[in-house]
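Each chain, letter by letter, is given below.
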Amino acid sequence: HPCRRHAPKRSRKERMLRKIQICLCFCFVSGILYEISLLSSCVFSYLPMAQQYLTPEQVLNLGKSIIFLETTERLEPPPLVSCSVESAARIYQDRPIILFMRGLTNETALDMNTSYAAFSLLSSMKNVFLFPLQMETVFQETPLLQWYNQVVPEQEKNWVHVSSDASRLALIWKYGGIYMDTDVISIRPIPQQSFLAAQKSRFSSNGIFGFPARHKFIWDCMENFVLKYNGNIWGNQGPFLMTRMLKTLCNLTDFQGTEDHSCQNISFLNPQRFYPIPYPAWSRYYQVWDKSPNFNHSYALHLWNFMNRNRKVVVAGSNTLAENLYKTYCPSTYEDLIQNAKRRDLPEPEEVE
């Protein structure tokens, strides 16, 4: 019968077409999954911030961000801020490094021709993002929004610090990751996910901490921030807040050696991890050492910029401890420092009559 004679041929063609279709579908799906993997893990590895139109939420939602805050209006961060961000970008190459700047606007952020050196230096790093700090947006869906709507910044003598204390809590609660002050130089990765940094025994800093998103401890800190708010006491919403909240969970004891403490699944990291040079000795960072310390027990170094009221700076060729840290952990910032020093030393061109 003719139909019976040709039926097997049609069946073989259909099977061949079906195999081709399956193969094409597999290739298409594989391509989509590959693109998604790039977006989720390293989209920030390819384009500088000004050339991609990603929102803060899109970058933060990638997870495990390292967050810095600049709550003054300045748009030209000093070298120490640049060094902090650069060192984090080099140590955490697979994570987004975000600097939120209060003085930045969306228009400034997208201006490719900006003259600010911070944009050319920091945004040239493949995983660094510079975003405007919009506090009202940051505080949405947190206990801090009511406080923010009632407070009068002009009447707050510590507003720069208080607003930073609040913003870091809200950002870490919403998105998770690690917060660092802009005077912290990273030297090796922090292995813990939920941690506070001991400034000394039984006292927590809020200059470095990390938690997963929606962690109850951070929510409780935000509630206590509002309940116990007193903007006239420096640190009341910062290290004192972290310390009193930790004490509600843990029986804090003195550290012995380089051990870390842990309670309620929160690591309370030894002062050696970030504060091997305590704040009374902060100026040692700007001194020449006979033998530079190795900081083998440290993940990062806090340079105590708040204590630096005389504004000591890193001077190229001074051989101070801070200069050596710049050379090792933020070489681009250090090179920029040298170039700026050379430009300052150049004689002024004579006027042509």
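Structure: see above.
This write-up is about the structure you can find in this document. These numbers were taken from a predicted model, which means no experiment stands behind them. (Residues numbered from 1 in each chain as written. Predicted model: local features only at pLDDT ≥ 70, side-chain atom pairs only at ≥ 80, totals over all residues. Heavy atoms only, no water.)

### Some points on the overall build of the chain
- Regarding its fold elements, the chain presents 12 helices and 10 strands.
- Looking at the chain residue by residue over its 353 residues, the buried ones come to 48%.
- Long-range contacts, defined as pairs at least 24 residues apart, comprise 74% of the intrachain contacts of the chain with a sequence gap of at least 6. (Helix = DSSP H or I, 4+ residues; strand = E, 2+ residues; numbered from the N terminus. Buried < 20%, exposed > 50% of the residue type's maximum accessible area, 1.4 Å probe, protein only. Contact = heavy atoms within 4.5 Å.)

### What to know about the state of the cysteines
- Summed over the entire model, instances satisfying the criterion amount to two disulfides.
- Between cysteine 83 and cysteine 330 runs a disulfide, and the two sulfur atoms are separated by 2.1 Å. Its torsion about the S-S bond being -85°, the disulfide of cysteine 83 and cysteine 330 is classed as left-handed. Of the two residues, cysteine 83 is situated in helix H3 (residues 79–91) and cysteine 330 in the loop between helix H11 (321–329) and helix H12 (331–345); the sequence distance between them amounts to 247 residues.
- The class of cysteine 330 is buried, set by a relative accessible area of 0%.
- The disulfide that involves cysteine 250 links it to cysteine 263, with 1.6 Å between the sulfurs. Across the disulfide from cysteine 250 to cysteine 263, rotation about the S-S bond amounts to roughly -75°, and the bridge is consequently left-handed. (Disulfide = S-S within 2.5 Å.)

### Things to note about the side chain of glutamate 156
- Tracing the backbone through its elements, the reader meets glutamate 156 in the loop between helix H7 (144–150) and helix H8 (159–175).
- An unpaired buried charge is present at glutamate 156: no salt bridge exists, and lysine 157, the closest side chain of opposite charge, is 9.3 Å distant.
- Polar side-chain contacts of glutamate 156 include one of 2.6 Å to the side chain of tyrosine 229.
- Sequence-distant contacts of glutamate 156, that is, excluding residues within four places in its chain, are made with Val151, Tyr229 and Gly231. (Lys, Arg positive; Asp, Glu negative; His and termini not counted. Salt bridge = Lys/Arg side-chain N within 4 Å of Asp/Glu carboxyl O. Polar contact = N/O pair within 3.5 Å; in protein donor to acceptor, adjacent residues only side chain to side chain.)

### Things to note about H3
- Between its first and last C-alpha atoms H3 spans 18 Å; for 13 residues at 1.5 Å apiece the expected length is 18 Å, and the two agree.
- When you tally the buried positions in H3, you get 10 out of 13 residues, the bulk of the element.
- Considered for burial, the residues of H3 that qualify are Leu80, Val81, Ser82, Cys83, Ser84, Val85, Glu86, Ser87, Ala88 and Ala89. (Expected span 1.5 Å × (residues − 1).)

### Details of the packing of aromatic side chains
- In total, this model carries 20 aromatic pairs according to the counting rule given.
- For the ring pair phenylalanine 100 and phenylalanine 131, a centre distance of 6.2 Å and an interplane angle of 40° mean the geometry is tilted. One end of the pair, phenylalanine 100, is in strand E2 (residues 97–101); the other, phenylalanine 131, is in strand E3 (residues 128–132), with 31 residues separating them in the sequence.
- Judged by relative accessible area, phenylalanine 100 falls into the buried class, the value being 3%.
- By relative accessible area, phenylalanine 131 is classed as buried at 5%.
- Centroid distance phenylalanine 255 to phenylalanine 268: 5.5 Å. Interplanar angle 45°. Geometry classified as tilted. Pair noted here: phenylalanine 255 is in the loop between helix H10 (239–249) and strand E8 (261–263) and phenylalanine 268 is in strand E9 (residues 266–269), with a separation of 13 residues, a long-range link. Judged on exposure class, the residue phenylalanine 255 and its partner phenylalanine 268 are both buried.
- Within the aromatic cluster, the residues linked to one another by ring pairs are Phe139, Trp147, Tyr148, Trp159, Phe225 and Tyr229.
- Seen from the ring of phenylalanine 203, lysine 200 lies directly overhead, with NZ or CZ sitting 5.7 Å from the centre. (Phe/Tyr/Trp six-rings, centres within 6.5 Å; stacked < 30°, edge-to-face > 60°. Lys NZ or Arg CZ within 6 Å of the ring centre and 35° of its normal.)

### Some remarks on the environment of asparagine 127
- Relative to the helices and strands, asparagine 127 resides in the loop between helix H5 (117–122) and E3.
- The class for asparagine 127 is buried, based on a relative accessible area of 2%.
- Linking asparagine 127 and tyrosine 92, residues 35 residues apart in sequence, is a C-alpha distance of 8.9 Å.
- There is a polar contact of 3.0 Å between the side chain of asparagine 127 and the backbone oxygen of arginine 95.

### A closer look at the pairing of E3
- Within E3, five of the five residues are buried, which leaves the element mostly enclosed by the surrounding structure.
- In this structure, E2 lies alongside E3, joined through five bridges in parallel fashion. If you follow methionine 101 over to E3, its bridge partner there is proline 132. (Pairing = 2+ DSSP bridges.)

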